[in-house]
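Given next are the chains, with one letter for each unit.
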Amino acid sequence: MKKVISILVVFVMMFSLAACGGKTEKTSSEPTQPASASGASETPSEVDISGKGLEIAVRYTGKQLEVFQKVVDDFNAKYKTKMTVSSYGDDYEATLKTRMASDELPDIFETHGWSILRYKEYLMDLRDQEWVKDYDDSALGVIKDTDGAIYVLMISEMIGGTLVNLDVCKEAGVDPYTIYTWDDLLAACEKIKEAGFTPLSNGIGSGELANIAGTYYNYKGEKYELSDSMMDGTFDWSVYKDLLGDLSKWIDNGYLYKDIATMTGTDFTERWAANKSAFYVGNDPGFLIAAKQLNKDGNYAFLPCFASTKEGVQFVPVGEGDAFGVWKDTKNEEAAKVFLNYLATPEVATTINKATGKISALTNAVETDNYGEQLFAALKEKYPNTFYENYWDRKYMPSGMWPIFGNAGALLLTDHSDKGIKDVIQYLSENFKDLYEQANVK
């Protein structure tokens with residue numbers, strides 16, 4: 001099959017998780033408290049940094065940028081500094097890559113999911129900072145390097161799991177808390193369908209093909225444990241038929257909206273709020289926050305991604321939300337660290353999190369009415385053995401695979417026969433090999 005495929009049916013997968021392709025590098029997933037760096041000391045907020053100026057690069061636009069600019073203005077007034085904000089919006093990633101190439105990076109910049117996988121050689125190790133002790137365990141599995149280094153202040157995190165409409169489940173006689181495996185989910189979907197509801201509010205795109213894949217192919221007790229072969233480029237894509245086969249059942253059994261290919265993001269939210277669907281696999285609580293605004297009486301829950309076997313692990317992917325690193329060659333290290341300490345204070349971090357709608361990564365956050373945080377807290381209480389790790393494609397796939405999964409999803413939606421599945425596997429395999437080779441060219 002040609003590497004570049006012209007897809008006649010363009011399917012835009014309605015996924016709110018902005019995961020992008022990772023690179024083949026292992027990172028620790030054991031959430032342990034990092035040790036202090038040898039000889040390092042904490043930087044107190046009382047350090048005199050008056051007159052210092054730093055560039056802070058962000059992706060924020062609109063209202064979020066207004067809120068962040070106000071935070072910086074307040075900091076400048078308090079410390080008599082000259083911090084400036086550079087907002088690059090949609091051009092952020094391209095701009096940072098250009099500046100990496102010239103080795104002239106902003107003093108402080110958002111790492112947008114890549115503090116370890118892309119930027120660590122340009123970043124200062126911050127493991128000795130006092131706010132590290134306040135990290136939630138779910139965050140450490142994403143931002144702590146194999147040697148214990150932590151390169152960012154992450155004030156919020158992106159999380160993925162299974163969204164549940166509890167009212168629909170109750171009406172259909174389904175107890176979502178008894179679902180452990182993907183087979184259990186299929187059985188629940190059948191009951192939901194018989195009760196007259198659409199079981200799944202999913203599409204078939206990058207998220208469906210990538211975000212849940214670890215529960216088939218990587219983690220302890222699952223059907224396969226093939227992480228090493230993904231890392232060294234020898235992954236046999238023929239086993240991917242298991243996941244594609246389950247997605248094919250979603251289509252064959254009528255578990256998806258019939259007009260899925262033409263639905264917009266607003267359609268998904270409105271139908272969920274109107275109690276048309278029961279589950280949304282692999283999404284984040286932000287979707288439920290939007291639905292709650294349309295239906296204040298909505299009764300929702302946030303569960304892990306399910307396992308492929310009874311012996312497998314239920315999994316919650318976690319990614320960097322609002323995360324800020326310090327360029328290792330900044331001329332104003334002290335000022336940069338004081339600014340991060342300021343961002344880490346509960347009041348400031350909470351202000352930013354409320355503007356972005358993300359989940360706090362710091363356990364000392366101010367109590368708020370953030371619905372997403374309430375849902376995540378309930379998940380951690382009900383599922384104490386949940387496994388947290390970086391988004392699957394970021395850790396196990398070469399950079400550039402995310403859009404490839406999107407194309408593969410469109411192919412599967414167009415033809416999910418045995419032949420269609422074989423074509424999808426071939427397409428994924430060829431592009432994986434090409435991108436892996438490109439990523440490892442010395």
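What this report covers is the structure whose coordinates are included nearby. What you see is a predicted model, and the numbers here were worked out from it, not measured in a lab. Counting restarts for each chain, with residues numbered from 1 along the sequence as it is written. Reporting in this predicted model follows two pLDDT cut-offs: at least 70 for local features of residues, and 80 or more for side-chain atom pairs to be given and counted; totals over whole chains, interfaces and linings ignore these cut-offs and use all residues. Neither water nor hydrogens contribute to the side-chain values; these are computed over all heavy atoms in the structure.

So, about the overall build of the protein. Counting from the N terminus, the helices are the DSSP runs of H or I reaching at least four residues and the strands are the DSSP runs of E reaching at least two. Tallying secondary structure elements over the protein gives 17 helices and 13 strands in all. Type-normalised accessible area, obtained with a 1.4 Å probe on protein chains alone, sets the label of each residue: buried when under 20%, exposed when over 50%, and partly exposed for intermediate values. In the protein, buried positions account for 57% of the 442 residues. Throughout, a contact is declared for two residues whenever any of their heavy atoms are within 4.5 Å. Relative to all contacts within the protein whose residues are 6 or more apart in sequence, the contacts with residues 24 or more apart total 78%. All accessible-area figures derive from a Shrake-Rupley calculation using a 1.4 Å probe, and residue coverage is judged against the displayed protein chains alone. When the accessible surface of the protein is split by element, carbon and sulfur atoms take 49% of a total near 18,200 Å².

Before going further, it helps to examine helix α11 (residues 286-294). Along α11, the positions that sit buried rather than exposed are F287, L288 and A291. Angular distribution of buried residues about the axis of α11 spans 90°; they occupy a single face of the element. Of the surrounding secondary structure, the elements contacted by the buried residues of α11 are β6 (161-165), α10 (265-273), β8 (277-283), β9 (300-303) and α14 (371-382). It is the directions from the helix axis to the C-beta atoms whose arc is reported.

On to the packing of helix α1 (residues 62-79) against helix α12 (residues 333-344), then. Working convention: axes come from line fits to C-alpha atoms, limited for helices to the stretch in contact. Angles between N-to-C directions cover 0 to 180 degrees. Two numbers describe how α1 lies on α12: the axes approach to 11 Å, and their chain directions differ by 120°. Classified by the angle their axes make, α1 and α12 are oblique. Seen along the crossing, α1 lies across α12 with a hand that is right-handed. Where α1 approaches α12, its residues F68, V71, V72, D74, F75, K78 and Y79 are matched on the opposing element by V338, F339, Y342 and L343. Here the term charged refers only to Asp, Glu, Lys and Arg, the term nonpolar to Ala, Val, Leu, Ile, Met, Phe, Trp, Tyr, Cys and Pro, and the term polar to all other amino acids, Gly among them. Looking at the contact of α1 with α12, its residues break down into nine nonpolar, no polar and two charged. Put simply, angles under 35 degrees are roughly parallel, angles over 145 are roughly antiparallel, angles from 65 to 115 are roughly perpendicular, and the rest are oblique. Handedness of each helix crossing follows the sense of rotation of the near helix against the far helix: counterclockwise by less than a right angle gives left-handed, clockwise gives right-handed.

Here, the term nonpolar core denotes a set of buried Ala, Val, Leu, Ile, Met, Phe, Trp, Tyr and Cys residues that are joined through side-chain atoms within 4.5 Å. Counting residues in each nonpolar core, the largest one holds 127 residues, and the members touching the most others are Y135 and F279. Counting residues per element, this core draws most heavily on α12, which supplies eight residues. When neighbours within four sequence positions are excluded, Y135 is seen to be in contact with L140, I143, I150, V152, L153, M154, A361, L362 and T363. If you look at the next biggest cluster of nonpolar residues, it comprises 15 residues, including L96, M100, L117 and L123.

A few words on unusual backbone geometry. The phi torsion at K80 lies on the positive side, around 60°, for a residue other than glycine. Following the sequence through the fold, K80 ends up in the loop between α1 and β2 (84-87). The phi angle at N275 is positive, at roughly 60°, despite the residue not being glycine. Relative to the helices and strands, N275 resides in the loop between α10 and β8.

Another aspect to go through is the pairing of β6. Buried residues dominate β6, accounting for five of its five residues. Only strands joined by at least two bridges in the DSSP assignment are considered to pair. Summarising the sheet, β6 and β8 pair through four bridges and their orientation is antiparallel. For L163, the partnering residue across the bridge sits in β8 and is Y280. Bridge count for β6 against β9 is four bridges, and the pairing is antiparallel. Bridge pairing in β9 links L163 to F302.

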